[in-house]
Each structure stands twice: as structure tokens, then as C-alpha cells.
Amino acid sequence: MNANEIMERGARSQLLSDPHVKRVWDLINGESLFKKSSDELASLRESLRRESLQFFARHSPYYVDLFERLEIDPAKATLRDVAKLAIPSDMLRGDGQKRFLIKDLEEGGETFSSSGTTGKDPVRVYRSPVDLAIMLKANTDLFEHVYGDLLKEGEGVALFMAAPELRYKLSFVAFVDLTLDKKGIELLYGMDLEDKSQAGTPWQKLTTNKENLLKFLKSKKEPKLFFTAPAGVHILGQKFDNMGLGQRMAYKLASGAPPIRLGKGGVVVTGGGSKGFADLPEYPQLVSNAQKHFVSQDLAGKQVDTPFMDVLGMTETLTALIDRFGVTDKVPHPLSEAFLLDPMTFELVEEEGREGVLGIFNPFTTSWLEVFYPGDIMTCHSSKGFYGKEFVYKRRLSVKEGWDLQRACGGTLEEMMTKQ
Amino acid sequence: MCKHVPLAMSHVVEPLLFDRKVETVPSSGGPKVLELSPSALKDLVISAASAQRELASVPVEERLQVIEHMARLWKDKLDRGEYEALKEEMAASTGYSSALMETELSFVPAVLGASNIRKNLEASVQGGAEALYRFVEMDETEMFRHVPIGPVLIISSGNSIVPTLIPTVVSLVTGNLTILKPSIANYSGVIEVFKLLAEVPDSRAARALRSALVISYFGHDSPTLKAALEEMPLGMVNFWGAEPARTIVANMVGKNRNHPRFFVNGPFTGMAVIEEGVDLMQAADDLALDVVLYDQQLCSSPTSAVFIGSYEKAKEFLRAAGDRLESAGMEFPLPPDQDRMFVLQGARRFIQTDGGLVLSSKTPENPWTLVLSKERSSLGGLVGQFPSFNLFARRRFLEVVAVPDADRAVELLRSQPDHPAFRGIDGVQSVGLAVTEASLPRMVERLVGAGVHRILPLGDMFMRGAVEPYDGVAMTSLFTRIVYWRTGNAILEGQL
């Protein structure tokens, strides 16, 4: 499905007869939410939270039982209640989402999965037609807001260091593809997916599509939007750094790079996590290393440090959190509730600057109650922006397995015990 | 890999042998770990006959007095605070709280106490303890003498001291050259105990016991361990542990042309059975104690429970047990850990969304979790979603399944080894009962046929009686064989 088809099918959804879904649809497609004050948005989110829980109680007996067991009254639900409902993303691996889907789920949507770079069963999340349309519109609006301008219809060119096949698998790729399609901006995929029978995750089976890469580098269109995983920028920078003088000259003659000229409004957009690369530098260092290889101008034509945006958009969230390096820390969509949980007690963290596990509640998702925590430790601070606060990524929690060996009666020959 | 890097690793871990110098080689257990070389162990094994002969010539009571003296030395040092550093080191290496390690260290004198060992020998050796030293008449003209089966290799249990001391002391006292392989986690503690053999007053018994004891770590790929298991003339291998090590070791022992006895103390667990009608507050108190002591890591610790009665009453019990866990657990605080808490929270939420009722602590130092399920366990899908949250990783985590009758309770107990959340155990070893007087006899009868080894009052599940067998077997019988001597045949007429 292309962007237009997705929007048309979303508009025809039977679920729009439900008052909650209708309200969400109107809010997403109506006047810009970014013009509202942070207080107005907070109040809007509160009412949507309650309506959303009531919607799920209407559409699935599972939620009636769940709310009852957790002593949550949907009509009075607080953010604290929502925090109680948050599930770890790990629960969405394999068929984990099934139990959470509403009874009258609309078919004809798309299922996205995580990249599988953790070696576990990927997280799989189904998106119904109306959810897909909301995803497309909401992410485009958020992207443009953080980018600082509207992407103009048909102007510019984008390169995504991914393969086109991943559009139907990974949500970050779908989000970029659909957003640009909606704007009529040409998108080139900078990678090809190698023989699928090979072992490894999709990200480990990619090879460079030199033709598209050259086309992007040599294009005169503006702005140039460069989308990649953080590792992509890092590896590209290393490649440039390690070029000998002769090789550098030859590459420059063929492509005009390095540096890569992104033109007016040009931006590098990273997303999708580390993709299995364990030795990536910290993000600020990664940006600083990479900026010398990219040249951009602001919209007035003045040369600036190339802007970097980072998209925290995991499979399980309909909308991403996006930042603009050095300008805006990560912000969610205006209708999305992002919150932090104390890593020890899982109580809400209210104080600024204190680390917490990021939780996300998307009251505009209609197929399942989308409230989850992926395992990222973040902090938040207040801001004058639309959301009233911004989030800063710190690190990811990991699952350690040391206690496997700690049985008192047995468990010796410990190395053997770990080789199961 | 093992998360808790023992402090012991900061100094050299080397074999403990008394009055001897032998060759050591680096072990795969760590950069500062030394183990006996194959030739050194072989020499020791070959010398077993003389060491065992010498020990056998010492009266049992004298052997016991040496062990008793070790107990007194330990207690004195413990009282003087000399084991404070060891306590902290063991807490760091095992992951238990310091308070629990303190409790553990205080149990040592009881394990080494001569009266307890004597009781055990009297109860488990046919003919009594004296039969370990001389022939004892069992019937007219028929006599038994129990002689050591050794040399004995004990690949001992993992992360506390006491379960390692028990077989080692029994093997030694019954006269065996005893080669003990502790784990890296409990190595320091075990060594501290047996080092006391060098501090007891000099005597023939003390010297004989010292000559009969060898303690060394062996890495999983140790050539020495391989040679010992596959080739050396051992009389007995006692393995404490689970798969896959158990099968690997069994296969190695199977190749040994000397055909040593092989006995596995496999991984078991405990279950609590509570019946509506008992004093629920008392039962909650008892259950909390069993859960908190050793954080459910003993084969006797309850890792599941059944409540025979109504769901509503079970809920009431669950709340009481939660209150008790809140206070009992704080006496043994655990070091908080964000990563572990992340997995625990995920598991709690998985169960909640799967229909289970979850009560849990909000204190990271005491992360107890109680789950109430109706008639069937709610943990079925848990390990599929959270593979790292297996039985061996769960701490202070207990599911109570409410069932209508005792038959259903025993059915759950029998099916425990097949339950995905309990994968890796051989079965339920210990059952802690809190049932009414009227139900007790029938319940015990049901349990006798259900494969359990121990039936106990709830609250005392961790306690071992002096005369208790281990996993259904009298421990002395593992380490000895009986020499039968008949002085005349006339009495046997008509017997066969």
C-alpha cells in the first residue's frame, strides 16, 4: 500500500463509528496539534486516556477483566493506572500481541517486526488500516515539527541506507517510506537485501546499492535527507577517514564526496538502534565524528553544522520520539503519553533529571492497548516546547543471567551449566 | 556467565592439602585459579589405600572428636568476628544477603557437631557407628563391618557451604580418601572450614583425617578432572548438580574401567501445601521464612505452593503471606539490581495480563512476588517469553495455586517436573505441610506414593535432622561397602 491508499483505507474504517476512534481521527487529521499549549495538550491526553481505556473495555472482555483485577476504573484512569498496565516489549515477541487485540479487529493492515538483532524471537505488531493511517499522519507531523519546517511537496531527495524489502517488515523503514511518499519526495534505497536463505538478521544481509548511492550524492535536488541506522553514519565516516589520498580523489571525482553535500535544509536522520553493533561511540561523539563528512545549509542558505535527528521508533509504538541534536531532545507526538518509571520500583518518576525506564502510551492506537516499556533508561526535563518536557536517552537495560548458576544444592561445574 | 565474580578471585585459589606439596596447574576457572595436575591427583589416588588404612585404624569416636574440635574452633572464631570478611566475600560471590551468609556461617558448628554425626551414623550404619571400625554381630555367627569405598570424588553443590560440608564430612568420617571439588562461589568458605583441621590438637586421628582430605577446584575442561573421572581408580563419584553437567560427568564415569559408584544428588525443589482450616497467619509466617531463607535456592525450598480450599480464602492467605514476606525479607536484604528488577517486573506483568493475581513488594532490596492462580498454574507461558526467568533465577517468587481438594494438590506436585517454569528439576524433594490434623494422615499417605523424599511441617523445610537420609538414601551407604563375615554355618540351616 502506498501513502494515499493507506489514508483512504483509514478513512473508510468501520471503527470510525466509535466515538473514541472518530475523535482520535479528527484530532490527528485536524488543525495542527503543535499550536496548542502544553497544558491544553496535557488535558487532551488525560481525556483521551480515559476514553481509550473505555474503548478497549467496550471492544474486548479481556480488558474488562484486566482492569478489574488491577482495580482500574477506565473513566477515572490516571497516568499511574496506565503505568500499571504497561507491559515490557518482550511480551510482544512471537504471538505475544494476540491476547491484547480487540475482538472486532479490522483486517487488511500490516504486521511489522523488530530486526531480530538481539537473537530472540522478533517483536511482532499488527497495524490495522486505521492505525496505519494514524501512524502515517502523526509521524509526518511530528517529523516536520522537529525538522523545523514543512517538507515541501515533491522537493528534495532522500537516501535510506536500507533495502526496499524492509518497508514491509521494519516500522522505521515503513515510517520513512510512507512519510516521503505522502510528500511526493523521491526516496532511494542505498542497500540491497542479499540472498534471504543466508543466516543472519536482515540488517546483516545488506549490501550497498552503489547506483542509488551515487545518484543521491550527485543529485542537485535540495534538501537532501539521509536516513540510516547510527551504525551506518559511523561506518561511512570510518570509510572516509581511512581513504588514502588517491582513493579519496577518485571517489570525489566519481561522486563529489566526501564531504557529502546535503544542500539547503539537508539533514541526517538516524534511527533503529545499534543493530547489533556493540562498539558504536556515544551518540554525541558519533555526530561530532560524522559532521565533518557532511555539509548542509540552513533554509536561508547559510552553511551550518549538519543537523542530526534521531528517531526512537520501535516496532511496538505507532509514533516515534524524535530529537534534533543540540536543539531539541526527544519529544513524543502531542497525543502520546511518554513517562518514566523508577527502574527499581516501577513507580512513576516525577522529578526532572532522575533516570527512569521509558514507558509509552498511545491512546490513538485502536487495535490493542498500546502501553509498553521497551527497556530504555532515559531522563526528562521541562521545556518550552509543545510537550512541556523532553527526554534524553541514557542506556538500555540488559538481561543478565548470572543467577542461573546460583543454586545451593547443585550447580557446580559452573562452566558446563552455562553451555546449555 | 556467572554474574557475581567472587572476591576470592582477587587472590589465588589453590588446592588445600595438608603436610604435602604437590604440583598444580592453571585452571580454566579463572586467571588466578590453580588446580591439581593430573599426575599429582593420580599420585594421591594411588596412595589412597594407605591413607584409608591409617584412618580405618583410628576408632570412630576419635575421628568424631577431631571434627567436633573443628566445630568449636569455628564457633570461637565466629564469635570473635574473625569471619566477617568471609561473610562479605561469600555474600558477594553467591548473591545472597550478608545476613543470610551470617546465618549460614552459624550453621557450620551444628554440621560438624560430633553428636549429630554420631546420631546419623548410628541411624544409617547397620550395626551402628562401631561397625565402621570393627566387625559387629548382626545375628549369631554373622557380622558386618563397613569399610570405605574410596577414594571418593565429590563434585559438590554450588553456592553455600553447608550442603558441601555434609557429604564431605560423612565421607571422611567413614574413612575415605576424599577429593572435594567445591565451586568457585563457595570455595573460600569451604576452605576456611577445612583449614581448621590444621589447628586442632595434634593426634593420630587428626593426622589421618588430614592425610585423607584433598580439596581442589577443577575447571569444566580440566584434564585432571577428565583423567579422574575416566581413568583413575576411584571407588565413588558423588555429583551434586543438574544437566547438562550431570550427563557429561555420567558419561565420563561410564568410561572408567574401575567402575566407581556414581551417585547424583540431582536438582530438586520444595512445595508448600496449605489447607483451609489451619491457622493461616501461622502458615503465612512459616511460608515466608522458608521462602526467604536461602532465597529458594535449596532443594528443599518451596518454589511453589498449593492452597486446598476456596479461592477467596486463598486470597486472604496470599495477603497474609505478602505481609509476612515484607517483614521477613527485610531481615535478609538483597543488593538491588536494575537489570534483574526489569526482568522481574516483566514477569509480574506477564502473569497479570495472563489472568494471574500478583502481589508484590515495592522494596527493591526485598523483591518478593506472590501469584495466586485458580486450579492451574499461570506460569505456563512465562519462561517462553522470559527465558532468563527460570527456576534457578527466581528469588522470593512463589505461585500459590488454589485447588479444591488434596487429590488435585498431589496431581500438581507430580506434574511439577514437566512444568515449563520448573524445567531442570528432577522432582519435588520436600513438601512443607500446613494441613489440619484430620487431613494429615491421608495427605501423608498420598505423598508417600508421589515421589517426594521429605515430608515436613511448613516453616522447618530447610532444617535437616541428624538422622535424615539424603534424597532417599542414607548417606553413609554411599561411601561404604559392607564386609560380611560368617563364623559358622550351622545357624543358617533352613534359611535358604
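Owing to the predicted nature of the structure, the values given are computational and were not obtained by experimental measurement. (Residues numbered from 1 in each chain as written. Chains lettered and ligands numbered in written order. Predicted model: local features only at pLDDT ≥ 70, side-chain atom pairs only at ≥ 80, totals over all residues.)

Enquirer: Go over the overall build of chain A with me, naming the residues and quoting the values.
Expert: If you tally the helices and strands in chain A, you get 12 helices and 20 strands. Here chain A holds 420 residues, and 48% of them are scored as buried. Within chain A, counting contacts between residues at least 6 apart in sequence, those at least 24 apart form 68% of the total. (Helix = DSSP H or I, 4+ residues; strand = E, 2+ residues; numbered from the N terminus. Buried ≥ 20, exposed ≤ 12 C-beta atoms within 10 Å, placed from the backbone. Contact = placed C-beta atoms within 7 Å.)

Enquirer: Give me the overall build of chain B: which residues, what numbers.
Expert: When helices and strands are counted, chain B shows 18 helices and 17 strands. Its C-alpha radius of gyration of 24 Å places chain B within 12% of the 23 Å reference for a compact globule of 496 residues. Based on the C-alpha atoms only, the size of chain B along its principal axes is roughly 65 × 65 × 45 Å. Expressed as a percentage of its 496 residues, the buried residues of chain B come to 53%. (Rg over C-alpha atoms; globule rule 2.2 N^0.38 Å.)

Enquirer: So what's going on with the confidence of the model for chain B? Residues and values would help.
Expert: Residues and elements named next belong to chain B. Mean pLDDT over chain B works out to 90, with 97% of the residues at or above the 70 mark. Averaged pLDDT values over the elements of chain B bottom out at 82 in helix 15 (residues 382–385) and peak at 97 in strand 11 (residues 302–308). In this model, residues 1–9 is a region of pLDDT below 50 whose contacts with residues beyond four sequence positions or in other chains number 27 contacts. Here the predicted complex scores 0.83 on pTM and 0.82 on ipTM. (pLDDT = per-residue confidence, 0-100.)

Enquirer: Just give me the short version of the sheet that holds strand 7 (residues 213–215) of chain B, but keep the residues and values in it.
Expert: Two modes of strand pairing occur in sheets, parallel and antiparallel, and in both the strands are linked by backbone hydrogen bonds. Residues and elements named next belong to chain B. Strand order in this open sheet of 5 strands is 7-6-5-8-9, and the pairing throughout is parallel. What marks the edges here is a single partner per strand, and that holds for strand 7 and strand 9 (261–265). Looking at each pair of strands side by side, their axes are set apart by 15° on average, direction ignored. The pairing of strand 8 (residues 236–240) with strand 9 spans 5 bridges and is classified as parallel. When the bridges of strand 9 are listed, phenylalanine 239 appears paired with valine 264. (Pairing = 2+ DSSP bridges. Axes fitted to C-alpha atoms, helices over the stretch in contact; angles between N-to-C directions.)

Enquirer: Give a description of the environment of serine 301 of chain B that names residues and reports values.
Expert: All names here are of chain B. Along the polypeptide, serine 301 turns up in the loop between helix 12 (280–292) and strand 11. In this structure serine 301 comes out as buried when scored by C-beta crowding, with 26 C-beta atoms within 10 Å. The spacing of serine 301 and leucine 287 is 14 residues in sequence and 9.7 Å in space, taken between C-alpha atoms. Excluding residues within four positions of it along the chain, serine 301 makes contact with Thr269, Gly270, Asp290, Tyr294, Gln296, Met461 and Phe462.

Enquirer: Outline the domain arrangement of chain B, listing residues and values.
Expert: Residues and elements named next belong to chain B. In terms of domain boundaries, chain B breaks down into domain 1 (7–266 + 472–484) and domain 2 (268–457). Between the C-alpha centres of domain 1 and domain 2 the distance comes to 33 Å. In this assembly, 9 residues from domain 1 lie in contact with 10 residues from domain 2. In the side of domain 1 that touches domain 2, the residues fall into 4 nonpolar, 4 polar and 1 charged. (Domains from an automatic or database assignment. Nonpolar A, V, L, I, M, F, W, Y, C, P; charged D, E, K, R; others polar.)

Enquirer: Give a detailed account of the pairing of strand 20 (residues 389–396) of chain A, specifying residues and quantitative values.
Expert: Within a regular strand, the side chains alternate between the two sheet faces. All names here are of chain A. Note: strand 19 (residues 376–382) against strand 20, 7 bridges, orientation antiparallel. Following the sheet pairing, isoleucine 377 is matched in strand 20 by arginine 395. Count of turn residues in the strand 19/strand 20 antiparallel hairpin: 6 residues, of which glycine 388 carries a positive phi of about 85°.

Enquirer: Got a sec to walk through the environment of isoleucine 215 of chain B? Specific residues and values, please.
Expert: All names here are of chain B. Structurally, the position occupied by isoleucine 215 is in strand 7. Residues isoleucine 215 and leucine 478 lie 263 residues apart in sequence; the distance between their C-alpha atoms is 19 Å. Among all residues touching isoleucine 215, those that are not within four sequence positions of it are Pro15, Leu16, Leu180, Pro182, Val190, Ile191 and Phe194.

Enquirer: Run through the nonpolar core, naming residues and quoting values.
Expert: Counting residues in hydrophobic clusters, the biggest one holds 263 residues, and the most contacted among them are Phe160 of chain A together with Val169, Leu209, Val273 and Val400 of chain B. Of the residues forming this core, the biggest block, 10 residues, is contributed by helix 6 (residues 129–147) of chain A. Not counting residues within four places of it along the chain, the set of residues in contact with valine 400 of chain B comprises Ala305, Phe307, Ala314, Leu318, Leu370, Val371 and Leu372 of chain B. (Core = buried A, V, L, I, M, F, W, Y, C linked by C-beta atoms within 7 Å.)

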